Number of protein chains: 4
Amino acid sequence: MAVRVAVAGASGYAGGELLRLLLVHPEVEIGALTGNSNAGQRLGSLQPHLLPLAGRVLQETTPDVLAGHDVVFLALPHGQSAAVAERLGPDVLVVDMGADFRLHDAADWERFYGSAHAGTWPYGLPELPGARAALEGSKRVAVPGCYPTAVSLALFPAYAAGLAESEAVIVAASGTSGAGKSAKTHLLGSEVMGSMSPYGVGGGHRHTPEIVQNLSGASGSPVAVSFTPTLAPMSRGILATCTAAARPGVTAESVRAAYEKAFADEPFVHLLPEGQWPATASVHGSNAVQVQVAYDGSVRRIIAISAIDNLTKGTAGGAVQSMNIALGLDETTGLSTIGVAP
Amino acid sequence: MAVRVAVAGASGYAGGELLRLLLVHPEVEIGALTGNSNAGQRLGSLQPHLLPLAGRVLQETTPDVLAGHDVVFLALPHGQSAAVAERLGPDVLVVDMGADFRLHDAADWERFYGSAHAGTWPYGLPELPGARAALEGSKRVAVPGCYPTAVSLALFPAYAAGLAESEAVIVAASGTSGAGKSAKTHLLGSEVMGSMSPYGVGGGHRHTPEIVQNLSGASGSPVAVSFTPTLAPMSRGILATCTAAARPGVTAESVRAAYEKAFADEPFVHLLPEGQWPATASVHGSNAVQVQVAYDGSVRRIIAISAIDNLTKGTAGGAVQSMNIALGLDETTGLSTIGVAP
Amino acid sequence: MAVRVAVAGASGYAGGELLRLLLVHPEVEIGALTGNSNAGQRLGSLQPHLLPLAGRVLQETTPDVLAGHDVVFLALPHGQSAAVAERLGPDVLVVDMGADFRLHDAADWERFYGSAHAGTWPYGLPELPGARAALEGSKRVAVPGCYPTAVSLALFPAYAAGLAESEAVIVAASGTSGAGKSAKTHLLGSEVMGSMSPYGVGGGHRHTPEIVQNLSGASGSPVAVSFTPTLAPMSRGILATCTAAARPGVTAESVRAAYEKAFADEPFVHLLPEGQWPATASVHGSNAVQVQVAYDGSVRRIIAISAIDNLTKGTAGGAVQSMNIALGLDETTGLSTIGVAP
Amino acid sequence: MAVRVAVAGASGYAGGELLRLLLVHPEVEIGALTGNSNAGQRLGSLQPHLLPLAGRVLQETTPDVLAGHDVVFLALPHGQSAAVAERLGPDVLVVDMGADFRLHDAADWERFYGSAHAGTWPYGLPELPGARAALEGSKRVAVPGCYPTAVSLALFPAYAAGLAESEAVIVAASGTSGAGKSAKTHLLGSEVMGSMSPYGVGGGHRHTPEIVQNLSGASGSPVAVSFTPTLAPMSRGILATCTAAARPGVTAESVRAAYEKAFADEPFVHLLPEGQWPATASVHGSNAVQVQVAYDGSVRRIIAISAIDNLTKGTAGGAVQSMNIALGLDETTGLSTIGVAP
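Residues numbered from 1 in each chain as written. Chains lettered and ligands numbered in written order. Predicted model: local features only at pLDDT ≥ 70, side-chain atom pairs only at ≥ 80, totals over all residues. Heavy atoms only, no water.

(A) Main features of the packing of helix α7 (residues 146-160) of chain C against helix α10 (residues 252-263) of chain C. All names here are of chain C. Contact geometry for α7 and α10: axes closest at 9 Å, N-to-C directions at 115 degrees. With respect to the hand of their crossing, α7 and α10 are arranged in right-handed fashion. Each of Leu153, Ala154, Leu155, Phe156, Pro157 and Ala158 in α7 lies in contact with α10, whose residues at this interface are Ala258, Tyr259, Ala262 and Phe263. Split by residue class, the contact of α7 with α10 holds ten nonpolar, no polar and no charged. (Axes fitted to C-alpha atoms, helices over the stretch in contact; angles between N-to-C directions. Helix = DSSP H or I, 4+ residues; strand = E, 2+ residues; numbered from the N terminus. Left-handed = near helix turned anticlockwise from the far one by under 90°. Contact = heavy atoms within 4.5 Å. Nonpolar A, V, L, I, M, F, W, Y, C, P; charged D, E, K, R; others polar.)

Take a look at the structure:
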């Protein structure tokens, strides 16, 4: 019997990507689709790439509309998930693609998001140590941010294996879809094509505390993070270049061994053969993560680089993967490691 | 029992796209993969987006390697298919993604391709009148060119319904993957990003006679074609803007009715609602065709515009669609109308 | 003594490009800069590429602010120029970069712009027959639209020489800056990168009557125009592919001769050597126009293709060129035919 | 009397950009243009954006052809400059845009370039401490690499002022023109559009020893460098994100003061107002450098980010700037700080 799924926030990029994946998920039946400012509009005009759903009409995001589903995905602006989630019963699986329930530390939430902390839900990055167990059977899932997904998967093996000192320096480039579908001048095609630019420099990006939380968790002790996100002239993709000083005694071989072990059984994370480096184009539209790691002996640093699709593994694909685990389905159901390239 | 498929020419863009589709085709088992200049290399280094096939090694394109398959796809340079095909028995389904067997007229072939004409095979554009019947059960299929696919689907309803005069003016923009994976200076990223440029102007493009053949076939009498292809700064996609003078008595309503009728039962061709126009992003990675048509009364012309993914519906998706028909499978097996956007 | 110039509307793309050109114009001193919604802001934050003007602050667009200049450029939304212009004295050279004073026919204006027609000023496309004489000494100039510039320069020689039948079919691709700097969802980088799409199909684009006016003027009798603009994934540039049926007796030689004659003395229009086709990248940031023309004997059509930078020759460069003529300066002062490529 | 200039290697991107700048340099007359594999070809077909030089024909790079010029620019493959330079007399100003004479340390050269070290010439990054004096009157100039230009200008003030610890972590994104005009598969538009990818990771990039040399020089003691270059989907531009641990006692104020002091009199380096970050689009085609710096107290690191045009300030503009100094001209002659945006 099909799992009946509703999507609150179906008109944006995260919602659209989620529907793209749900359409090919063999266990899912797509139910209510909502979108407040676009309620009443045909999905065909809002998401013209989703032809099988072209005739569906968006509804208001109300408890009545969302009732009667086994799973409700929330693709809402930050801070709005809690109010919707509490109206959904405890038996409904609620998968929040916003930030609301990601952070453990209420002070971090308040500092970066400026509102009261709503709580913490099991964290939907199954590849992190201990994460899968927390997701199994859970009725609430907090989907990670796109940057934290790319960065944590690149660096956690080094921290989990005790290879890296407690400060990481991270520079990540993201496609523009990570900034959402709201019309803003600095996101116009005319502005972004042909241009690279940083933002949120100096620890200001909201994903910083989430990265700190993940790496500290893998390490078992606090990890400080210098995180610089940059906007790249492409629609999709994150390339995260992550470095950390190596602890004494670390060698290229011990680094590689740690990464091979960490990802040996992971269905979506591929440690590339030595000498081959990730490219975001290779994971376009795919739930795969490409990772490569090197040890630079001249500066005694570990350099780990990952490529993901920010909308797939970084948002909607990660959400579906966690849903699969929470529902007891095979984790890879409906998800692909095949990119659309060139 | 799975259909066993070989791909000759698996290292290029057409071959890579074909493998992307075959990997999710439920009836297919991927057999031999060949690529002459790249024989011996891992597919993981040549097509890094196809992670499930990363460990496969390319072989030489020889009769022995291609033997023992139910279907052999040929993604070879123009002029090389006949020699390979004749070594494959009459019971093997051979799907040629090159130009060799598309044209009826040997003189056209010789003029545009400069070699002896190899023959004519059933033409793999099922949506054209009569095409499906010729493909059913056939053991040989000539996959259409990418431009002829986009243009013919945009215009054939007007000609089949007798609405258009016998001259069409077509300007089409293509992504760079249509020019293939060979390293050429004018196809460097530095050259194409930020630039639009025409080529093959004045009837010189090799797809011109194929377009003429298709439109003349739909019309029942010769159609002359002014075809200008342009290179656009994107990897994938064709947008074909096609116009023809309307015959006396044509109205906006009669044009729309003809298109609605032509595509009513087509699984891949979507006539958009009035007022919505195609965009190549909406069919990125999809086998769908988006079509819109208008009648401009001020100049009495029909304007039909289509968007396809040149590598999917324009090449590999069209090939799989025809394979399905030839094998007696449901035509849509393994193919999607969902694009990867944004 | 320097010509003192004010720019009303300095925060948009047209205004920014104009300032880029005026900064290197040897006869000009940049005076007041205005921008209503951005009044009070530093130009350094609005136009960060114009470093020499970074410290300038935008003022309100009022008669007092604009007073005391020899030349006032208006880069305002359509329909707002007349009210500003009438407050500027008859001795001030007013160069309107909007559409308000381009059209001769009031009915055309009202149909396409929906307001009362403000009048007609000398038309700032000096290359058109008779246009230079009208601009010399004029105190009012209507700068052409970007598409009409590209299309008219590609086709007028064919019409002026009586080579073409009275219907032209035009498909043009434009970079996104032609749509301006206002934040709109469909112009987001995520939407436009990797996508080609048409708009204003079927005669609906406001530049259609302007193209008709120019070609009819060159022909001496009415020319009908089928014009389809498309949005291309690049910031700048227009590639206009223009075709028209050839009149009886026309040959490739007579076509080429007409174009060579038309552009022989033009400083900005370059008829490329036979076999070389325009590319928008070659005129990026330049006031040059690259034109090529062919005669396709198989369909008896003339195919003329032009490339311009929509912001330079298509807007601000054309404005400066006309200012030069109106002021009696050398027409090329401060303008370049050198593109920024790759 | 004009300075007569020859350019050896005029068909590539560096040579083309140099000619673009020399065409508007008021003291220069462009003499011989050479290009071995392209000798005999019109520049109009090789550099179609340089319309004023379209009719010039490339010659062979021989001593006779290069004789009789005041300045000879060498835009040759690495390792070829010495042989050409030694045939040019000691009174000719030779400006080498290749790497041959940049490094002090012969062992570094041999390790990274694999040939015998040709020597060391005055280094053409005038903004570095002491560099201008060495360039004045010199007859030999080694133009810096593009990455070292961007990185050194971002970080040298921190090292010169003793604010940073002796290890820098740098991640830089470059447009594809930095990889040159040779046809290579991985640089095809189809490959690079929509993709970010790293290369030369782990200290392998040839620009690493040059960066080390510059930062160590500014510091007065060895600086270790972790440098990761990435390829971005744009033609031009480098965005360098550079971080280093702050020494004890460093504050946000002391960092800003050091940068303000370092760039106070620099004509091309602009320290942006606090809160505004560099974007490569803002320096497209310009010799300007945009720099911003922050102090992240949570990790006690200095983060300095610069944007340059890799072909202008990063190559040809830097070369002209150094030529001006060597010849005793005003350093800014013929150079602009105005970008071509959007």
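(B) Quick peek at the packing of aromatic side chains. All names here are of chain B. Here the structure, examined in full by the defined rule, presents 20 aromatic pairs over all chains. Look at Trp109 and Tyr113: their rings are 4.0 Å apart centre to centre, the planes differ by 10 degrees, and that puts the pair in the stacked class. Of the two residues, Trp109 and Tyr113 both sit in helix α5 (residues 106-113), four residues apart, roughly one turn of that helix. For the pair Trp109 and Tyr113, one class covers both residues: buried. Considering the side-chain rings of Tyr259 and Phe263, the 6.0 Å spacing of their centres and the 65 degrees angle between planes classify their relative orientation as edge-to-face. Of this pair, Tyr259 and Phe263 are both found in helix α10 (residues 252-263), four residues apart, which corresponds to roughly one turn of the helix. Since its relative accessible area comes to 0%, Tyr259 is described here as buried. Under the relative-accessibility criterion, Phe263 is labelled buried at 5%. (Phe/Tyr/Trp six-rings, centres within 6.5 Å; stacked < 30°, edge-to-face > 60°. Buried < 20%, exposed > 50% of the residue type's maximum accessible area, 1.4 Å probe, protein only.)

(C) Focus on the sheet that holds strand β2 (residues 28-34) of chain A. All names here are of chain A. Read across the open sheet, the five strands follow the order β2-β1-β3-β4-β5; overall the sheet is parallel. Each edge of the sheet is formed by a strand with only one pairing partner; in this case those strands are β2 and β5 (140-142). Neighbour-to-neighbour, the strand axes of the sheet open up by a mean angle of 20 degrees, direction not taken into account. Where strand β1 (residues 3-8) lies against strand β3 (residues 71-74), four bridges are found, and the strand directions are parallel. Residue pairing for β3: Ala6 is matched across the bridge by Val72. (Pairing = 2+ DSSP bridges.)

(D) Highlighting the UniProt feature "active site" (unreviewed entry) in chain A. Residues and elements named next belong to chain A. In this structure's numbering, the residues bearing the UniProt feature "active site" (unreviewed entry) are Cys146. For Cys146, the position within the fold is in helix α7 (residues 146-160). For Cys146, a relative accessible area of 10% puts it in the buried group. In this view, Cys146 contacts His207, Ile238, Ile308, Asn310, Gly314 and Thr315; residues no more than four positions away in its chain are not counted. (UniProt positions renumbered as here; feature names shortened; annotations may be inferred.)

(E) Local environment of the relation of the copies chain C and chain D. For the pair chain C and chain D, the superposition axis carries a translation of 0.0 Å, the fit reaches an RMSD of 0.0 Å, and the rotation angle comes to 180 degrees. Here the symmetry operator amounts to a two-fold rotation axis. The residues that chain C uses at the interface reappear at the interface of chain D in 100% of cases, marking a shared surface. (Least-squares fit on C-alpha atoms with pLDDT ≥ 70 in both.)

(F) Inspection of the interface of chain D and chain A at higher detail. Each partner contributes residues to the interface: chain D has 37 residues there, and chain A has 37 residues. When chain D packs against chain A, close to 3,000 Å² is buried across both sides, 68% of that on carbon and sulfur atoms. Between Glu167 of chain A and Arg301 of chain D there is a salt bridge, with the nearest N and O atoms lying 2.6 Å from each other. Between chain D and chain A we count eight residue pairs in polar contact (both at pLDDT 80 or more) in total. Looking at the side of chain D that touches chain A, the elements with two or more residues in it are β6 (164-174), α8 (189-192), β7 (197-198), β8 (224-231), β9 (238-246) and β12 (301-308) of chain D. Looking at the side of chain D that touches chain A element by element, the count peaks at five residues for β8 of chain D. (Buried area = accessible area lost by both parts, 1.4 Å probe. Salt bridge = Lys/Arg side-chain N within 4 Å of Asp/Glu carboxyl O. Polar contact = N/O pair within 3.5 Å; in protein donor to acceptor, adjacent residues only side chain to side chain.)

(G) Structural context of the sheet that holds strand β7 (residues 197-198) of chain B. All names here are of chain B. Spatially, β7-β8-β6-β9-β12-β11-β10 is the arrangement adopted by the seven strands of the open sheet, whose pairing is mixed. Looking at strand neighbours, the two that pair on one side only are β7 and β10 (269-271), the edges of this open sheet. With seven bridges connecting them, strand β11 (residues 289-296) and strand β12 (residues 301-308) associate as antiparallel partners. Of the residues in β12, the one forming a bridge with Asp296 is Arg301. The strands touched by helix α9 (residues 208-219) within the sheet are β6 (164-174) and β8 (224-231), with β8 carrying the most contacts at an inclination of about 135 degrees.

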